[in-house]
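Working through the structure, step by step
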Amino acid sequence: MEEYLKKTQDLKHNQLKPRQKHPKGFESGVYYNPDTNSGYVISRPRSKNKASFESLLKEWGWNPKDYELVGDLQVRTWDMNMGKGEKEQAWYFKANIRKKDPVQDKEMEKLISQIKKKKPLKPKSSKGQVFFYFASDWQLGKPDGKGVQGTIDRINESILLTIERIKELRKSGVEIGAIYIVFLGDLIEGTHGFYAGQEHTVVLDRLEQITLARRLMMKIITELSKHAGRIVVAGVCGNHGENRKAKSTVVTSKLDNDDTLLLMTCADIISHSPYKHIKFVIPDGYHLTLDVKGTVMGFTHGHVGGNRGRNPEQKLMNMWSQQSFGFQALGDATILVSGHYHHFRCRTDGSRTWFQTASLDSSDDFQASTGIKTANSVLTFTVDKHGWDNLKIIKLN
């Protein structure tokens, strides 16, 4: 019987490749901190004792013209177990790096110098409803769709159309006393650790992404600040802002985040300006709740919904209800606004409403696999003690 039941297996299959054990301190990857202008690059294991500083950076898609070697090129070798008693000598190379022309300090000094020259605005009334402008999922650095320039154009267009919307509401009799600008995370794309081949697709390095995002955030803040007597800038952190060294591997903590860094930098710059009516709320966790004219509002990026459902709506609604069950601050909110999933959605259950904002970037992979193209837009509405009103989706090209 065994002969009849025997499966034909003429070719080897389902064989596990031997796992490569990396020497501690020499895990493959690349890291750079623009605040300290320091970092390192570590090669993948090589079979030959041959490497150059330039080849290490190119291996991860970084331009060697932008960086220089600090100290000597480090090397380690060990015998890698290939299975069945076979061993192969492997080589690792590590280089400490710094950028040849770091601009973070010069950039900050330039922005602070510019903001100091601004003249104080004439005080406006802060009575009336609160107008909300949400910025989410720019992912600056992606080449998809119309690329980075397309995202920049949409952000600039959103500012003009938002100002038109505020004027339109006032003309119709809606009194607006404050503008809340909420950044919902994933403002930059990051350079590695989020999806396969990311190092070879991004068109801006991390410093360029952060610099561009900061300038666009400052433009939104300063332009909208002219149209209300009180401006509140707030936000939450997203997954693309995490400090990663590999897929889903966070170096420090998920809250050590570039989205929060950008908010803090803008707050520092504004603190030197004459714009005393601009206030900031920097998050200290994954969620943020604010009492707005007696209405409790909650904000989160959306990635924390995890595996709590089959689709974004189920994930966010389940997460929200669990926050309420656990007596967390987010559970008190009657309005929840999130990002992450790139397409506008809205659901109202009784007195609670969940909004999901659309992204301002594009995804070629998503469009190729589903046929659906992101309808880029900015979510706006007003809030008072009665809840939300005057919803308008500002559609962008």
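Residue numbering note: each chain is counted from 1, following its sequence as written. The model is predicted, so local features are restricted to residues of pLDDT at least 70 and side-chain atom pairs to those at 80 or more, both for listing and for counting; the totals for chains, interfaces and linings are taken over all residues. To get the side-chain values, take all heavy atoms of the structure and skip hydrogens and water.

**What about the overall build of the protein?**
- Elements are defined by DSSP. Helices are runs of H or I of four residues or more, strands are runs of E of two residues or more, and each kind is numbered from the N terminus. If you tally the helices and strands in the protein, you get eight helices and 17 strands.
- Relative accessible area decides the class of each residue, using a 1.4 Å probe on protein chains only: under 20% of the type maximum gives buried, over 50% gives exposed, and in between gives partly exposed. For the protein, buried positions account for 49% of its 397 residues.
- Counting only contacts in the protein whose residues sit at least 6 apart along the sequence, the fraction spanning at least 24 positions is 67%.
- Of the accessible surface of the protein, which amounts to about 20,900 Å², a share of 49% is contributed by carbon and sulfur atoms. Should any heavy atoms of two residues lie within 4.5 Å, those residues are considered in contact. Residue burial considers only the protein chains on display, and all accessible areas are found by Shrake-Rupley using a 1.4 Å probe.

**A look at the nonpolar core**
- In terms of nonpolar packing, the biggest core is built from 46 residues, with W138, I181, F183 and I220 touching the most fellow members.
- Counting only elements with at least two residues in this core, the list comes to α3 (104-116), β5 (129-135), α4 (147-171), β6 (176-183), α5 (206-224), β7 (230-235) and α6 (258-270).
- With nine residues, the single largest contributor to this core is α5.
- If we skip the residues at most four places from it in the chain, F183 touches A135, W138, M217, I220, V233, A234, G235, V236 and L263.
- Only buried Ala, Val, Leu, Ile, Met, Phe, Trp, Tyr and Cys residues count toward a nonpolar core, and they belong to the same one when joined by side-chain atoms within 4.5 Å. Ranked by size, the runner-up nonpolar core spans 21 residues in total, among them A178, A234, F299 and V383.

**Thoughts on the pairing of strand β14 (residues 345-349)**
- Here β14 runs beside strand β15 (residues 352-356); their pairing, made up of five bridges, is antiparallel. Pairing of C346 across the sheet is with F355, part of β15.
- When DSSP finds two or more bridges between a pair of strands, those strands are recorded as paired. Turn length for the β14-β15 hairpin, with the two strands adjacent in sequence and antiparallel, is two residues, and the turn residue G350 shows positive phi of about 60°.

**Focus: the packing of α5 against α6**
- Put simply, α5 and α6 touch, their axes get as near as 10 Å, and they point 50° apart. In terms of their interaxial angle, α5 and α6 are classed as oblique. Judged by the sense of rotation from one axis to the other, the crossing of α5 with α6 is right-handed. Of the residues in α6, those touching α5 at R206, I210, A213, R214, M217, M218 and I221 are D258, L261, L262, L263, T265, C266, I269 and I270.
- Three classes are used: nonpolar for Ala, Val, Leu, Ile, Met, Phe, Trp, Tyr, Cys and Pro, charged for Asp, Glu, Lys and Arg, and polar for all others, with Gly counted as polar. Split by residue class, the contact of α5 with α6 holds 11 nonpolar, one polar and three charged. Here, axes are lines fitted to C-alpha atoms. For helices the fit covers the stretch in contact, and angles between N-to-C directions go from 0 to 180 degrees. These descriptions rest on fixed angle ranges, namely under 35 degrees for roughly parallel, over 145 for roughly antiparallel, 65 to 115 for roughly perpendicular, and the rest for oblique. Definitions for this section: a left-handed crossing has its near helix turned counterclockwise from the far helix by less than a right angle. A right-handed crossing has that turn clockwise.

**Focus on unusual backbone geometry**
- Of note, D186 is a non-glycine position whose phi angle comes to about 55°, a positive value.
- Relative to the assigned elements, D186 resides in the loop between β6 and α5.
- The backbone phi angle of F327 is positive, close to 60°, even though this residue is not glycine.
- Looking at the element boundaries, F327 is found in the loop between α7 (312-325) and β13 (335-338).

**Looking at the sheet that holds β13**
- Sheet architecture is open: five strands sit in the order β11-β12-β13-β15-β14, paired in mixed fashion. Single-partner strands in this sheet number two, and they are β11 (287-292) and β14. Averaged over all neighbouring strand pairs, the angle between strand axes comes to 15°, with direction disregarded.
- Bridge count between β11 and strand β12 (residues 295-300): six bridges; the pairing is antiparallel.

Interpretation note: all reported values are geometric properties and have no functional meaning in isolation.
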